[in-house]
Amino acid sequence: MSEKRKSEPWVRTVRLPWTIDSVPRVREEIVGDLGDGKLPSKVVEEAETVVAELVANAILHGRPLPDGTVRVRWRARPPRVEIEVTDGGSEKQPKPKPQSDWAPSGRGLRIVRSLAFEWGVNDDDGHTMVWAALGGASRRRI
């Protein structure tokens, strides 16, 4: 495969039902789409973890979009991938919780922060979109 072909970008968007059962489904979807050898295997593994954390957080702490779903979009341009998870918003902006050895939950965004080259939160028209860039800087910095 030519170097040009290996680096061609692609975008995928999925809408998932507003249920925690969507987490294993999105993991399978992203690995199936990104795991074809165009991206480093480490980036694919990190993308699988990050998308699972972001979708779980959206479902546990946010609200569904008007159609009862959560939207997940990823953009790949080897060796980078950006992941966006959009929900119907919540009263609080997502942010990592302080470290706690005994807390039964609350590590999701800390995991995302540790794996992502960069990440952030955008609020728009009552929707919350959390994004993460893996494998290098995102297009958002340009």
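Residues numbered from 1 in each chain as written. Predicted model: local features only at pLDDT ≥ 70, side-chain atom pairs only at ≥ 80, totals over all residues. Heavy atoms only, no water.

Naming follows an unreviewed UniProt entry, where the protein chain appears as ATP-binding protein of Flexivirga alba.

Trainee: Explain the pairing of strand S2 (residues 69-77) to me, please; I cannot follow it from the model alone.
Mentor: Look at any regular strand and the pattern is simple: side chains alternate between the two faces of the sheet. With 8 bridges joining them, strand S1 (residues 10-17) and S2 adopt antiparallel strand pairing. Pairing of tryptophan 10 across the sheet is with alanine 76, part of S2. Both S2 and strand S3 (residues 80-87) contribute to a ladder of 7 bridges, which runs antiparallel. In the strand pairing of S3, arginine 75 is matched with glutamate 82. Counting the residues that bridge the hairpin from S2 to S3 gives 2 residues. (Pairing = 2+ DSSP bridges. Helix = DSSP H or I, 4+ residues; strand = E, 2+ residues; numbered from the N terminus.)

Trainee: What's the story with the pattern of salt bridges in this structure? I'm lost.
Mentor: Should the charged atoms of two oppositely charged side chains come close, the side chains can pair. As enumerated under the stated definition, the model contains 7 salt bridges in all. Across the pair arginine 12 and glutamate 29 runs a salt bridge whose closest N-O atoms are separated by 2.4 Å. Here glutamate 29 lies in helix H2 (residues 22-34) and arginine 12 lies in strand S1, a separation of 17 residues in the sequence. Given a relative accessible area of 28%, arginine 12 falls into the partly exposed group. We classify glutamate 29 as partly exposed; its relative accessible area is 21%. (Salt bridge = Lys/Arg side-chain N within 4 Å of Asp/Glu carboxyl O. Buried < 20%, exposed > 50% of the residue type's maximum accessible area, 1.4 Å probe, protein only.)

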